[in-house]
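Structural features, examined
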Amino acid sequence: DEALMEDARRGRPTLRLYRWNPGCLSFGRNQPARDRYDGDRVASLGYEVVRRPTGGRSVLHHREVTYAVVAPEEWGSLREAYLRINRALAKGLRELGVDATVHETTAGPAPRPTVRACFRDPLPGELTAGGRKLAGSAQWRFKGALLQHGSLLLHNDQALVETFRSDAPPRLEIPAVGLVELLGREPESGELESAIAAGFERELGAEVVSGELTDEERDRVERLRPKYEDPDWTWRR
């Protein structure tokens, strides 16, 4: 995702949708994690651990779909671009019959990157359904490009995140919701991708076309890979 930002600086925005195998716990860019989370416990349950380049708080990438949007900063301020992307997602999910909405408010700054799980708190501008958080998102800007990550839940497994903490709090209910609960079924991958692409087309007024990584992009991926595989990055704070 970071590798795609170079193309965004040249005016080429990209939407990427993917799932994780194996599942993975991701920390936000500046979230405290060292001595706060038990990496051995995470590994014992078959999950890996990474730190995202984007901000926000911890997310379990399991039985969900992750999206990444890279675009030039000309898309607007952080809040403007954030709302634009989430409106596109909401329009796409409504294509599936999900009553997804975006709480569009300018009140208050983004929360500090605490140890708390991302899905514990629906925040202004985020995607909700029936008042419950459906997707958690965070954005990072660097040298004229923006990257926004988000996790769109299929099932709500996010209570597991709290059990990975070193202080071992009691297992808490996370008031989020997944697409399976809302639809009564799990949408096919192609069906979900097509719906989200349609939402972006409606919001942006531009055609979304499928594509593959170029050789140049793959080279950038390989140059960046050691950073994200390095425990010094993952557990840097």
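Check the entry above for the structure.
Our subject in this report is the structure included herewith. What you are looking at is a predicted structure, and each value in this text was computed from that prediction instead of being measured. (Residues numbered from 1 in each chain as written. Predicted model: local features only at pLDDT ≥ 70, side-chain atom pairs only at ≥ 80, totals over all residues. Heavy atoms only, no water.)

With respect to the nonpolar core
Most often, soluble globular proteins have nonpolar side chains that are buried together. The condition that has to hold: Among the buried residues, those of types Ala, Val, Leu, Ile, Met, Phe, Trp, Tyr and Cys that are joined through side-chain atoms within 4.5 Å form a nonpolar core. Any residue under 20% of the maximum accessible area for its type is buried, any over 50% is exposed, and the rest in between are partly exposed; the area is computed with a 1.4 Å probe on protein chains only. Counting from the N terminus, the helices are the DSSP runs of H or I reaching at least four residues and the strands are the DSSP runs of E reaching at least two. By the convention used here, residues are in contact when the closest approach between their heavy atoms is within 4.5 Å.
Counting 29 residues, the largest nonpolar core has Leu 93, Leu 127, Leu 134 and Leu 192 as its most contacted members. At the level of secondary structure, the elements contributing two or more residues to this core comprise strand E5 (64-72), helix H3 (78-95), strand E6 (100-102), strand E7 (127-129), strand E8 (132-142), strand E9 (145-153) and helix H6 (189-204). Among the elements that take part in this core, H3 stands out by supplying 7 residues, more than any other. Beyond its immediate chain neighbours, meaning those up to four positions away, Leu 127 contacts Asn 86, Leu 89, Ala 90, Leu 93, Ala 100, Thr 101, Val 102, Arg 132, Lys 133, Leu 134 and Ala 135.

What about the side chain of Thr 66?
Let me state the cut-off plainly: Whenever a nitrogen or oxygen atom comes within 3.5 Å of another N or O atom, the pair is scored as a polar contact, on the condition that within protein one atom can donate a hydrogen and the other can accept it, and that pairs from neighbouring residues in sequence are kept only if both atoms are in side chains.
Inspection of the secondary structure assignment puts Thr 66 in strand E5. Polar contacts involving the side chain of Thr 66 include one to the side chain of His 61, which spans 3.1 Å. Here the side chain of Thr 66 touches Glu 64 through a polar contact of 3.0 Å, side chain to side chain. Thr 66 has contacts with Arg 16, Leu 17, Tyr 18, Trp 20, His 61 and Gly 150, leaving out every residue within four places of it along the chain.

Notes on the packing of H3 against H6
Counted only if it meets this: As a rule, the C-alpha atoms of each element are fitted with a line to give its axis, helices using only the stretch in contact, and angles between N-to-C directions run from 0 to 180 degrees. An angle below 35 degrees is treated as roughly parallel, one above 145 as roughly antiparallel, one from 65 to 115 as roughly perpendicular, and anything else as oblique. By convention the crossing between two helices is left-handed if the near helix lies anticlockwise of the far one by an angle smaller than a right angle, and right-handed if it lies clockwise. Only Asp, Glu, Lys and Arg are considered charged, only Ala, Val, Leu, Ile, Met, Phe, Trp, Tyr, Cys and Pro nonpolar, and every remaining residue, Gly among them, polar.
Interaxial distance between H3 and H6 falls to 7 Å at its minimum, and their mutual angle equals 130°. Taken together, the axes of H3 and H6 lie oblique to each other. For H3 against H6, the interelement crossing comes out right-handed. Two secondary-structure elements touch here, H3 through Arg 84, Ile 85, Arg 87, Ala 88, Leu 89, Lys 91, Gly 92, Leu 93 and Glu 95 and H6 through Leu 192, Ala 195, Ile 196, Ala 198, Gly 199, Phe 200, Arg 202, Glu 203 and Leu 204. Across the contact of H3 with H6, the residue classes break down as 10 nonpolar, 2 polar and 6 charged.

A few points about the sheet that holds E8
To keep it simple, the criterion reads: By definition, two strands form a pair when at least two bridges between them are found by DSSP.
The 6 strands are arranged E1-E5-E9-E8-E7-E6 in an open sheet whose pairing can be described as antiparallel. Each having just a single partner strand, strand E1 (14-18) and E6 make up the two edges of the open sheet. When strand polarity is set aside, the average angle formed by the axes of neighbouring strands in this sheet is 20°. Examined bridge by bridge, E1 and E5 share 5 bridges and lie antiparallel to one another. Looking across to E5, one finds that Leu 15 is bridged to Val 69. Strands in contact with H3 are E5, E6, E7, E8 and E9; relative to E8, the strand with the most contacts, it is inclined by about 140°. The strands touched by H6 within the sheet are E1, E5 and E9, with E1 carrying the most contacts at an inclination of about 155°.

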